[in-house]
Amino acid sequence: MSELKMRAYHWLKFSEKYIKTDMIYLARGSFWSGFNFIFSAGLGFALTLVFANFLDQESYGVYKYIFSIYGLLGAFAFSDLNILILKAIAKGNDGVLKKAFDYSLKWNVPYLLTAFGVSIYYYLNANTTLAIAFAIIALITPLTTSYNIYGSFLNGKKDFRLISISNALSSIISATATFFIIIYTQNPLLIVIGYMVTNLATSALYY
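Residues numbered from 1 in each chain as written. Predicted model: local features only at pLDDT ≥ 70, side-chain atom pairs only at ≥ 80, totals over all residues. Heavy atoms only, no water.

Colleague: Got a minute to help me understand the overall build of the protein in this structure?
Modeller: Counting secondary structure elements, the protein contains 10 helices and 0 strands. What you see in the protein, going N to C, is helices and strands ordered as α-α-α-α-α-α-α-α-α-α. In the protein, which comprises 207 residues, the share counted as buried stands at 36%. Taking all contacts inside the protein whose residues are at least 6 apart in sequence as the whole, residues at least 24 apart take part in 76%. Carbon and sulfur atoms make up 67% of the accessible area of the protein, which totals about 12500 Å². (Helix = DSSP H or I, 4+ residues; strand = E, 2+ residues; numbered from the N terminus. Buried < 20%, exposed > 50% of the residue type's maximum accessible area, 1.4 Å probe, protein only. Contact = heavy atoms within 4.5 Å. Areas by Shrake-Rupley, 256 points an atom, 1.4 Å probe, with all protein chains shown as cover.)

Colleague: Mind showing me how you'd approach the pattern of salt bridges here?
Modeller: Any two side chains of opposite charge can pair, so long as their charged atoms come close to each other. Per the stated rule, a full pass over the model turns up 1 salt bridge. Lysine 98 serves as the salt-bridge partner of aspartate 102, at 2.8 Å between the closest nitrogen and oxygen. Of this pair, aspartate 102 and lysine 98 are both found in helix H5 (residues 96-107), 4 residues apart, which corresponds to roughly one turn of the helix. Under the relative-accessibility criterion, lysine 98 is labelled partly exposed at 48%. (Salt bridge = Lys/Arg side-chain N within 4 Å of Asp/Glu carboxyl O.)

Colleague: How do you make sense of the nonpolar core when you look at a structure like this?
Modeller: In globular proteins that are soluble, nonpolar side chains generally tend to be buried together. Ile85 and Phe134 are the most contacted members of the largest nonpolar core, which has 38 residues in total. Of all elements in the fold, only helix H2 (23-54), helix H3 (57-73), helix H4 (82-90), H5, helix H6 (109-124), helix H7 (128-147), helix H9 (160-184) and helix H10 (188-206) reach the threshold of two or more residues within this core. In terms of residue count, the dominant contributor to this core is H7 (9 residues). Those residues in contact with isoleucine 85 that sit more than four places away from it in its chain are Val96, Ala100, Ile149, Ser152 and Phe153. (Core = buried A, V, L, I, M, F, W, Y, C linked by side-chain atoms within 4.5 Å.)

Colleague: Explain the packing of aromatic side chains to me, please; I cannot follow it from the model alone.
Modeller: A complete count under the given rule lists 17 aromatic pairs for this structure. When the centroid spacing of 6.3 Å and the interplanar angle of 25 degrees are considered together, the rings of tyrosine 60 and tyrosine 63 count as stacked. In this pair, tyrosine 60 and tyrosine 63 both sit in helix H3, 3 residues apart, roughly one turn of the helix. The exposure class assigned to tyrosine 60 is partly exposed, which follows from its relative accessible area of 32%. You can call tyrosine 63 buried: its relative accessible area is 14%. (Phe/Tyr/Trp six-rings, centres within 6.5 Å; stacked < 30°, edge-to-face > 60°.)

Colleague: Looking at this structure, I do not really get the side chain of threonine 202. What am I missing?
Modeller: Structurally, threonine 202 can be placed in helix H10. Judged by its relative accessible area of 6%, threonine 202 is buried. At 2.9 Å, the side chain of threonine 202 and the backbone oxygen of threonine 198 are in polar contact. Setting aside chain neighbours within four positions, we find threonine 202 in contact with Ser170 and Ile173. (Polar contact = N/O pair within 3.5 Å; in protein donor to acceptor, adjacent residues only side chain to side chain.)

Colleague: When you look at H5 in this model, what are you seeing that I'm missing?
Modeller: Since one α-helical turn is 3.6 residues long, residues separated by three or four positions face the same way. If you check H5, its first and last C-alpha atoms are 16 Å apart, about what 12 residues at 1.5 Å a residue would give, namely 16 Å. Among the residues making up H5, those that are buried are Val96, Leu97, Ala100, Phe101 and Ser104. Viewed end-on, H5 has its buried residues packed into an arc of 135 degrees, placing them on one side of the element. Of the exposed residues in H5, the ones pointing more than 90 degrees away from its buried face are Lys99 and Lys106. (Expected span 1.5 Å × (residues − 1). Arc of directions from axis to C-beta.)

Colleague: What is the right way to look at the environment of glycine 151 in this model?
Modeller: Note that glycine 151 resides in helix H8 (residues 150-156). Relative accessible area serves as the criterion here: at 18%, glycine 151 is assigned to the buried category. Spatially, the C-alpha atoms of glycine 151 and serine 166 are 9.0 Å apart, while their sequence positions differ by 15 residues.

Colleague: Mind showing me how you'd approach unusual backbone geometry here?
Modeller: The bulk of non-glycine residues show a negative phi, and the bulk of peptide bonds are trans. A positive phi angle is found at alanine 126, which is not glycine, with a value near 60 degrees. With respect to the helices and strands, alanine 126 occurs in the loop between H6 and H7. The phi angle at glutamine 186 is positive, at roughly 65 degrees, despite the residue not being glycine. Relative to the helices and strands, glutamine 186 is located in the loop between H9 and H10. Judged by relative accessible area, which is 25%, glutamine 186 ranks as partly exposed.

Colleague: Is there a simple way to think about H9 in this case?
Modeller: With 25 residues, H9 extends 36 Å between its outermost C-alpha atoms, agreeing within 8% with the 36 Å of an ideal straight helix rising 1.5 Å per residue. For H9, the full list of buried residues reads Phe160, Ile163, Ser164, Ser166, Ala168, Ser170, Ser174, Ala175, Thr178, Ile181 and Ile182. The first or second residue beyond H9 is glutamine 186, which carries a positive phi of 65 degrees.

Written as structure tokens, this is what we have:
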């Protein structure tokens, strides 16, 4: 096996002269990206089965609606710090992580205000479930987005293995929390809270 790895390594290094790309970097990144994709797809399929078998249609509809609006609100989130972090690490500035966190938090204020606006709208329309859901999303998402810059930092360090493992563990924890909430409560608000809180906790831990 080691001989096969050595041959692959030499072939990739040889190809760099013609492709003009760091092929070792690309190969490592591609492998772990593929691992993430397959793992996420499998976990997503398993959760779909759980939703279909244990969650009633009305609760599932509310859950899907909340996450549809949550996806639209993503347009107001500031998360594009990857290039800046990569450039800083390339220059040996590992201290960029704290600065990037503060910067991300500051520029996610528009997201917080917009999500709170949605929450107030549903509160005024006497929909307590949606009002609480979007208030929680408003408070938690800017923090989670900011903590998630650890992924860009590890990407700059070319530690694709650690990125993939941390993402897989986060997905497992979030899916496990969702599964137990669905089994015991059928409450879409609690499902949303469980998802948001577990994502925040794991992101903060990895950061």
